[in-house]
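One letter stands for each residue in the lines below.
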2 protein chains.
Amino acid sequence: MGLKYKKEQNFSEWYSEVIQKAELADLRYNVKGFLVHRWWSVDIMKRMYEAYRKELDRTGHKETWYPALIPESNLKKESEHAKGFRAEVFWVERAGSSKKKLEEPLVMRPTSETAMYTMYSKWIRSWRDLPFKRYQGCNVWRYESQTRPFLRGREFHWLEAHNVFATKKEAEAQVNQDMQITETVMHKQFGIPFIFFRRPRWDTFPGAEWTYAADTVGLDGKSLQQPSTHMLGQNFSRAFDIKFIDKNEKEAYGWQTCYGPCIWRMIASIISLHGDNKGLVLPFNLAPYQIVIIPILQKGKTAQIKKACKDLTKKLEKENYRVYFDDREEMSPGSKFYEWEIRGVPLRVELGPRDLANKQVMCVARHNSKKTAVKLSEVVKFVKKLEPTVLNFLTKQADELLKENTRSAKTFSDLKKELKKGGFVRVNWCSVREDGESCAERVEKDFSAKVRGLRVDRKEKPTGKCIVCGQKADEVVYIARQY
Amino acid sequence: MGLKYKKEQNFSEWYSEVIQKAELADLRYNVKGFLVHRWWSVDIMKRMYEAYRKELDRTGHKETWYPALIPESNLKKESEHAKGFRAEVFWVERAGSSKKKLEEPLVMRPTSETAMYTMYSKWIRSWRDLPFKRYQGCNVWRYESQTRPFLRGREFHWLEAHNVFATKKEAEAQVNQDMQITETVMHKQFGIPFIFFRRPRWDTFPGAEWTYAADTVGLDGKSLQQPSTHMLGQNFSRAFDIKFIDKNEKEAYGWQTCYGPCIWRMIASIISLHGDNKGLVLPFNLAPYQIVIIPILQKGKTAQIKKACKDLTKKLEKENYRVYFDDREEMSPGSKFYEWEIRGVPLRVELGPRDLANKQVMCVARHNSKKTAVKLSEVVKFVKKLEPTVLNFLTKQADELLKENTRSAKTFSDLKKELKKGGFVRVNWCSVREDGESCAERVEKDFSAKVRGLRVDRKEKPTGKCIVCGQKADEVVYIARQY
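Since we're looking at a predicted model, the values are computed, not measured. (Residues numbered from 1 in each chain as written. Chains lettered and ligands numbered in written order. Predicted model: local features only at pLDDT ≥ 70, side-chain atom pairs only at ≥ 80, totals over all residues. Heavy atoms only, no water.)

Things to note about the overall build of chain A
1) Next: Looking only at helices and strands, chain A features 14 helices and 23 strands.
2) Next: Relative to a compact globule of 483 residues, whose C-alpha radius of gyration would be 23 Å, chain A shows 26 Å and is just as compact.
3) Next: With the C-alpha coordinates of chain A rotated into their principal frame, the extents come out at 85 × 60 × 50 Å.
4) Next: Among the 483 residues that make up chain A, the fraction classed as buried is 59%.
5) Next: Across chain A, every contact between residues at least 6 apart in sequence was considered, and the portion connecting residues at least 24 apart equals 69%.
6) Next: Summed over its atoms, the accessible surface of chain A is roughly 20,300 Å², and 47% of this surface lies on carbon and sulfur atoms.
7) Next: With 87 positive and 63 negative side-chain charges, chain A shows a spacing of 4 Å between the two charge centroids. (Helix = DSSP H or I, 4+ residues; strand = E, 2+ residues; numbered from the N terminus. Rg over C-alpha atoms; globule rule 2.2 N^0.38 Å. Buried < 20%, exposed > 50% of the residue type's maximum accessible area, 1.4 Å probe, protein only. Contact = heavy atoms within 4.5 Å. Areas by Shrake-Rupley, 256 points an atom, 1.4 Å probe, with all protein chains shown as cover. Lys, Arg positive; Asp, Glu negative; His and termini not counted. Charge placed at Lys NZ, Arg CZ, Asp CG, Glu CD.)

Below, the structure written as structure tokens:
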């Protein structure tokens, strides 16, 4: 009744099994690469969206909603961007029962720059309109060849923030704020640690001047890209004519940034970083049910036990906890234990005849399996104390995993050895401009690994030669296999 | 600086002007029939979604998210449904830069029955799985020929609930609950009154046994359809093979209902029912900003006035009000007044030098333009008292409008006269089955009006002959011009 696969032995199967048995998603929908999201994952994602929206609002962003369809002519405007996304779009060219041809081919948004920026050019007129900070939470579509639930899909759910500033300096400050938002929400509230890398030139977002991307670990030690924030410079503002009259009454192009936290992919990290061999593990802030109460019934005491469970449910609900009294008669307590463990409910409360007699319950914390007998009168106090410890535990555990998975290599054969262990490998590197790309191709060919870029949180000085070509190293980069 | 058009003289232009000047939406996006939703409307819609989700959750529904794309083969499964929607779909047949043909043509969901029910048949096995109550909040796409912001669009935002029951009786009870939810949320929280009509046979949702639809008034006295709830019977469960083992261990088809509250269209009613010649009027629960504080500056007292405004902002924020201190230097107080009136902010607070001296502010309520001088120490109390009165006022005003716009007609020429005045006209009618359709066609041809159906909230007995054909009247129906 529990899980068949072990996380550390069969990560990939374990991951699929958790998604299925925790009823996060169903893969059987009859369009390839499209997921049906069951209520357990939707509830979690809604809480994640809420946390992100709150922080984006707090930092001066406003939410706007844009059409799902983008005209081909918009997509074409910024040439690098068009080149980067054209291969990934679904086309909408006809409508109605006679499949009448539309005036212009449309694409389902793969990302919304080219929908938003045509409007920005109509709204932004003066320096007084800046900074202009907007975002939307939405689904986007990409025609990916390989798909995997919550990791890479033909449809996924994310947020995208698109800002315009009067100066380059302000735009740079926004990129820093985006990284801070990632820390505040993704790390502090979801327990997902990361390292922000400045991507090499050849791995920059199409149309951007540079890209900072947050990578985390967790999948077979592979790296997984979480939010990225892009300094767009004036590439798009020139292509989309986003101009304003500055304080000196001169016309100028806006400086732009964009930031794309992907709620859908963060669930992948929550599953893989926090989950264990019993299934999902959720912190209180994200769990659809925070506490399940399971009666252990005995003939003659059924009514009393149920009443005690109901009273406790009410008491905890009064304290604003999300509580589920699992009263299903067709299931044994044991199978209920398994179910809620797989689904990651932070606290299970058992109440049987002996507990009733002792005016207590048995509390079982999901994250560490610890059992504690707690007096009925003390349950609220117990839960309040437990609540913050779960997220702390999960965050610390994930932080340590990331730390353990960040190592150094001095030689090419060292690199091979370290990459086998998984995680990020720190090496000396010739260049992250175009001229370093051939070395990166070598690494990708030999090890299926990628140069993730330069650490953003600290300046690192190379002390020798490039680990691949042996020429003078200008940089220290991190290499990892990635999902 | 205010509005150019008057609501009672030029409703249509007034409506467009409010949408534009309150910055609810921008119509200039370069795909016909697709709206860009600016932050003011998104903020309102998010509050509306929240209210609806809360009530759907409370009544035992769970949210699930389905793909935006539906295979043609799904759409075809229920023949009436396919016939009804095929003319309205956008087709997705190709993907990628070479426009590779997909395995099967897909449609962008016009509604999600045929996406959801393929999955329901996989999940529902036993009577223990029932009732099965699910919903999603999402955008849908329909290839409409005539479009108008928030009323009819090629893309709009709604919720759709899709439920399965073991018995017809339970399904019928759900239809009643859906109507109750409409009352609890749309009427009680948004101030939009309605009459639920059982639609005539010829106007029933494609694939449903019968349809109850809530109509309201407001646009030139025209009727506007708000949520409808449909008794699907077993039509879809047979087409999609949604079977379960009942308590007697026999296989049976599920009884289904669906309910579609359209947040997007409810904004149309909020604009048109509550709005006035100064613009939008919002109740406290929906307003993005509930209170704006506007300083009336005077040389030498600027700093003091601003400080008093800031202190008051903080004080009101502490009470959880959404407050905006409008400190923009480039605008006069007068133009700020106009702006926030057009946007419908429930309360404007002005603070000038004389107010400062008197330790007071001038409070101006949006809904009735009433000005009140309020001591600074009394502002919180004043706001708390004002808050519920706004929604009460708006609801009562809208209720009365609907009541005034519901009249009777005894003859065909009476009907003509009454329809000219607008609203719903009560008449004797031969039949709401197929055999009554020719009379309905006559009414539509002569008056561009439609039979909205039988009142659901009361049984009405016809007392004479059909107003059109003169044959025995079996029913009392309501006729209205509709948007």
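Side note on the sheet that holds strand 17 (residues 347–351) of chain B
All names here are of chain B.
1) Next: Spatial strand order, 16-15-17-18-19: 5 strands in an open sheet with mixed pairing. For this open sheet the edge positions go to strand 16 (323–325) and strand 19 (371–375), each flanked by a neighbour on one side alone. This sheet shows a mean twist of 25° between the axes of neighbouring strands, independent of strand direction.
2) Next: Across 3 bridges, the pairing between strand 15 (residues 291–295) and strand 16 is parallel. In the strand pairing of strand 16, Ile293 is matched with Phe325.
3) Next: Of the strands in this sheet, strand 15, strand 16 and strand 17 touch helix 10 (residues 333–343), which is tilted by about 170° from strand 15. (Pairing = 2+ DSSP bridges. Axes fitted to C-alpha atoms, helices over the stretch in contact; angles between N-to-C directions.)

Quick word on helix 10 (residues 333–343) of chain A
Residue and element names in this part refer to chain A.
1) Next: Along helix 10, 8 of the 11 residues are buried, which leaves the element largely enclosed by surrounding structure.
2) Next: Each element contacted by the buried residues of helix 10 is listed here: helix 1 (11–21), helix 2 (39–58), strand 15 (291–295), strand 16 (323–325) and strand 17 (347–351).
3) Next: A positive backbone phi angle near 85° is found at Gly344, which sits one or two residues after helix 10.

Focus: unusual backbone geometry
With glycine set apart, most residues show a phi of negative sign, and most peptide bonds adopt trans.
Residue and element names in this part refer to chain A.
1) Next: Here Leu130 and Pro131 are connected by a cis peptide whose omega angle stands at -10°.
2) Next: Position of Pro131 relative to the elements: it lies in the loop between helix 5 (113–123) and strand 7 (132–141).
3) Next: Positioned with a positive phi, Asp241 is a non-glycine residue whose angle comes to about 60°.
4) Next: Residue placement: Asp241 occurs in the loop between helix 7 (235–240) and strand 12 (243–245).

A short note on the pattern of salt bridges
Residues and elements named next belong to chain B.
1) Next: All chains considered together, the criterion is met by 78 salt bridges over all chains.
2) Next: A salt bridge links Arg58 to Glu55, with the nearest nitrogen and oxygen atoms 2.9 Å apart. One end of the pair is Arg58 and the other is Glu55, both in helix 2 (residues 39–58) and 3 residues apart, which spans about a single turn.
3) Next: Relative accessible area serves as the criterion here: at 60%, Arg58 is assigned to the exposed category. (Salt bridge = Lys/Arg side-chain N within 4 Å of Asp/Glu carboxyl O.)

Considering the relation of the copies chain A and chain B
1) Next: In screw terms, the move from chain A to chain B is a rotation of 180° and a rise of 0.0 Å along the axis, fitting with an RMSD of 0.0 Å. Here the copies are linked by what is in effect a two-fold axis. The rotation axis passes nearest to the C-alpha of A:Val92 in chain A, at a distance of 2.5 Å.
2) Next: The fraction of interface residues of chain A whose copies in chain B are also interface residues reaches 100%, indicating that both copies meet through the same surface. (Least-squares fit on C-alpha atoms with pLDDT ≥ 70 in both.)

Notes on the environment of B:Trp255
1) Next: With respect to the element layout, B:Trp255 can be found in strand 14 (residues 255–259).
2) Next: In this structure, B:Trp255 is in contact with B:Asn163, B:Val164, B:Phe165, B:Ala166, B:Thr167, B:Lys168, B:Ala171, B:Glu209, B:Met231, B:Gly233 and B:Gln234, ignoring residues within four places of it in sequence.

Describing the packing of helix 2 of chain A against helix 8 (residues 263–274) of chain A
The packing of two helices is summarised by the inter-axis angle and the distance between the axes.
Residue and element names in this part refer to chain A.
1) Next: At a minimum axis distance of 10 Å, the contact between helix 2 and helix 8 shows a crossing angle of 115°. Overall, the two elements helix 2 and helix 8 adopt an arrangement that is roughly perpendicular. Helix 8 is crossed by helix 2, and the crossing has right-handed handedness. In this structure, helix 2 contributes Ser41, Ile44, Met45, Met48, Tyr49 and Tyr52 to the contact, and helix 8 contributes Ile263, Trp264, Met266, Ile267 and Ile270. (Parallel < 35°, antiparallel > 145°, perpendicular 65-115°, else oblique. Left-handed = near helix turned anticlockwise from the far one by under 90°.)

Let's talk about the nonpolar core
1) Next: Membership of the largest hydrophobic core comes to 78 residues, with the highest contact counts inside it found for A:Tyr120 and B:Tyr120.
2) Next: When residues no more than four places from it in sequence are discounted, the contact partners of A:Tyr120 are A:Tyr66, A:Phe132, A:Arg134, A:His162, A:Val164, A:Ile242 and A:Gln256. (Core = buried A, V, L, I, M, F, W, Y, C linked by side-chain atoms within 4.5 Å.)

A few points about the domain arrangement of chain A
The extent of an interface is frequently quoted as the accessible surface area lost upon association of the parts.
Residue and element names in this part refer to chain A.
1) Next: For chain A, the assigned domains are domain 1 (11–274), domain 2 (291–386) and domain 3 (406–480).
2) Next: Taking only C-alpha atoms, the centre of domain 1 and the centre of domain 2 are 41 Å apart.
3) Next: With 6 residues of domain 1 at the interface, the matching set in domain 2 holds 5 residues.
4) Next: Taking both sides of the interface into account, the surface hidden between domain 1 and domain 2 amounts to around 550 Å²; carbon and sulfur atoms contribute 55%.
5) Next: In this structure, Glu23 and Arg343 form a salt bridge, with 2.9 Å as the shortest nitrogen-oxygen distance. (Domains from an automatic or database assignment. Buried area = accessible area lost by both parts, 1.4 Å probe.)

Some details on the interface of chain A and chain B
1) Next: If you look at the interface, chain A gives 61 residues, while chain B gives 61 residues.
2) Next: In total, about 5,500 Å² of surface goes out of reach between chain A and chain B, with carbon and sulfur atoms giving 61% of it.
3) Next: Inspection of the chain A/chain B interface yields 6 salt bridges.
4) Next: Between B:Arg128 and A:Glu330 there is a salt bridge, with the nearest N and O atoms lying 3.4 Å from each other.
5) Next: On the surface where chain A and chain B come into contact, there are 28 residue pairs in polar contact (both at pLDDT 80 or more).
6) Next: Looking at the side of chain A that touches chain B residue by residue, the classes come out as 33 nonpolar, 10 polar and 18 charged.
7) Next: Pairing geometry for strand 5 (residues 90–95) of chain A and strand 5 (residues 90–95) of chain B, over 5 bridges, is antiparallel. Its bridge partner lying in strand 5 of chain B, A:Val92 is registered against B:Val92. (Polar contact = N/O pair within 3.5 Å; in protein donor to acceptor, adjacent residues only side chain to side chain. Nonpolar A, V, L, I, M, F, W, Y, C, P; charged D, E, K, R; others polar.)

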